[in-house]
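# Structural overview for review
In case you want the letters, here they are:
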Amino acid sequence: MHVRAALTVLLLAGLLQPPALAADLPLSDAQELRSRLSKALKSRKTPNADIIALLDAAQKTYGHVVADPLPPKDDGSEPTKRERASHAKKFAAAERKWRKAIEKSYFKALTLKKLSRAKEPVNERLEVNLKAARALGGTRPNISPRIMDAFDKRLFTVKDYAVDSRLYEEGFETLAKLNWRGSVAWLRDEVLMADRRPDRKNRTVAALDAMNRFPLQRAKVRNETVKRLIRMFEFVERQADFGGFGDAQAVSGREHTNRAWIPYWKELKPLVIVTLRHFATDPVTHEAPVDYKRKKKLVHVADYARWYGRNKRLGRSPWIEPPREKKK
């Protein structure tokens, strides 16, 4: 107990780095830690390293806060059963309040900004943003809607600087780690877009990468995802890989004028095909779809479009639910 007290004093004095934090921390010390984090986030003068150290300490403490011991009685007697129960109840309520306050600090850190003085300013708090995104991955799945809301209302609407693509990667990977039921649909319907603008492209690349990290989804979600990817990228593939509209274009005599799609599609195509294969793989046989004539794997979005036209009915492979594991 004396060792823990000494560690806590050193931590709060700033003489000990957070990685050396004990596994469990008394609630009173955890509350002091949260207070320091809150103050650090409010000051523009706080160095990134100090904020990250406090975030790291809070992350290690999350889920490992213990109650402070009951104060000794004047007569030296032991606490009664009723007094212990009351103490435990108060601790549970205070710990929930502390955890929500820490989560609030994570969200503030996720969107914290301090712009550099340059012609094209950058956010000097990026490292803090990235640390907060990773910390949120160790919280609760039902916090995911708040993460999506932070991206929708704060990060996707930024106009005074360019959001670094690494923040999209970390944020979307956190959603995959938490695996809340609506996250895939949000990435699919609200983030993915066939748009060549750098920020939109960065979002799409990060979203595709994250979607492949989610555990197996229900049949309807996988079906809708494959359909959405085909509708979104079949036209782009046609422009970049197949010279526009083929025979129709040749007959009209018009030249292909959408070559700007070529570098975009060169970067995105591998990710799109991998994502299509991931969501179209049979959860029972673990076999990816193949061309029904040549029996070869599908390598173009157009291949998946033809395949999907023949295999889109729910309840048939691969749009079936995996067998549930029997409980021992």
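Residues numbered from 1 in each chain as written. Predicted model: local features only at pLDDT ≥ 70, side-chain atom pairs only at ≥ 80, totals over all residues. Heavy atoms only, no water.

### Some words on the overall build of the protein
A count of helices and strands for the protein gives 13 helices and two strands. Evaluated residue by residue, the protein yields a buried proportion of 40% over its 328 residues. Long-range pairs, those at least 24 residues apart, make up 71% of the contacts in the protein with a sequence separation of at least 6. Accessible surface, the protein as shown: approximately 19,400 Å² in total, 52% of it carbon and sulfur. (Helix = DSSP H or I, 4+ residues; strand = E, 2+ residues; numbered from the N terminus. Buried < 20%, exposed > 50% of the residue type's maximum accessible area, 1.4 Å probe, protein only. Contact = heavy atoms within 4.5 Å. Areas by Shrake-Rupley, 256 points an atom, 1.4 Å probe, with all protein chains shown as cover.)

### Structural notes on the packing of aromatic side chains
One pass over the structure, following the stated rule, counts 12 aromatic pairs. Ring-pair connections join several aromatic residues into one group, and the members of that group are Phe151, Phe156, Tyr168, Phe172 and Trp186. Over the face of the ring belonging to Phe156 we find Arg203, whose NZ or CZ atom lies 4.1 Å from the ring centre. Positioned above the aromatic ring of Tyr292, the side-chain terminus of Arg310 is 3.8 Å from the ring centre. (Phe/Tyr/Trp six-rings, centres within 6.5 Å; stacked < 30°, edge-to-face > 60°. Lys NZ or Arg CZ within 6 Å of the ring centre and 35° of its normal.)

### Overview of the confidence of the model for the protein
Per-residue confidence for the protein gives a mean pLDDT of 88; residues scoring 70 or more make up 87%. Every residue in residues 245-255 is under pLDDT 50, and counting partners more than four places away or in other chains gives eight contacts. (pLDDT = per-residue confidence, 0-100.)

### Here's the deal with the nonpolar core
By size, the foremost hydrophobic cluster in this structure holds 80 residues, and its most contacted members are Phe172, Trp186, Leu187, Phe233 and Leu276. Here this core gets nine residues from one element, more than from any other, and that element is helix H12 (residues 261-280). If we skip the residues at most four places from it in the chain, Phe172 touches Phe151, Phe156, Trp186, Leu187, Val191, Arg203, Ala206, Ala207 and Ala210. (Core = buried A, V, L, I, M, F, W, Y, C linked by side-chain atoms within 4.5 Å.)

### Some words on the packing of helix H8 (residues 183-191) against helix H9 (residues 198-211)
Across the interface, H8 lies against H9 with an axial gap of 10 Å and an inter-helix angle of 155 degrees. With respect to H9, the element H8 is oriented roughly antiparallel. Crossing hand, H8 versus H9: left-handed. Along its contact with H8, which presents Leu187, Arg188 and Val191, the element H9 presents Arg203, Thr204, Ala207, Ala210 and Met211. For the contact of H8 with H9, a count of residues per class yields five nonpolar, one polar and two charged. (Axes fitted to C-alpha atoms, helices over the stretch in contact; angles between N-to-C directions. Parallel < 35°, antiparallel > 145°, perpendicular 65-115°, else oblique. Left-handed = near helix turned anticlockwise from the far one by under 90°. Nonpolar A, V, L, I, M, F, W, Y, C, P; charged D, E, K, R; others polar.)

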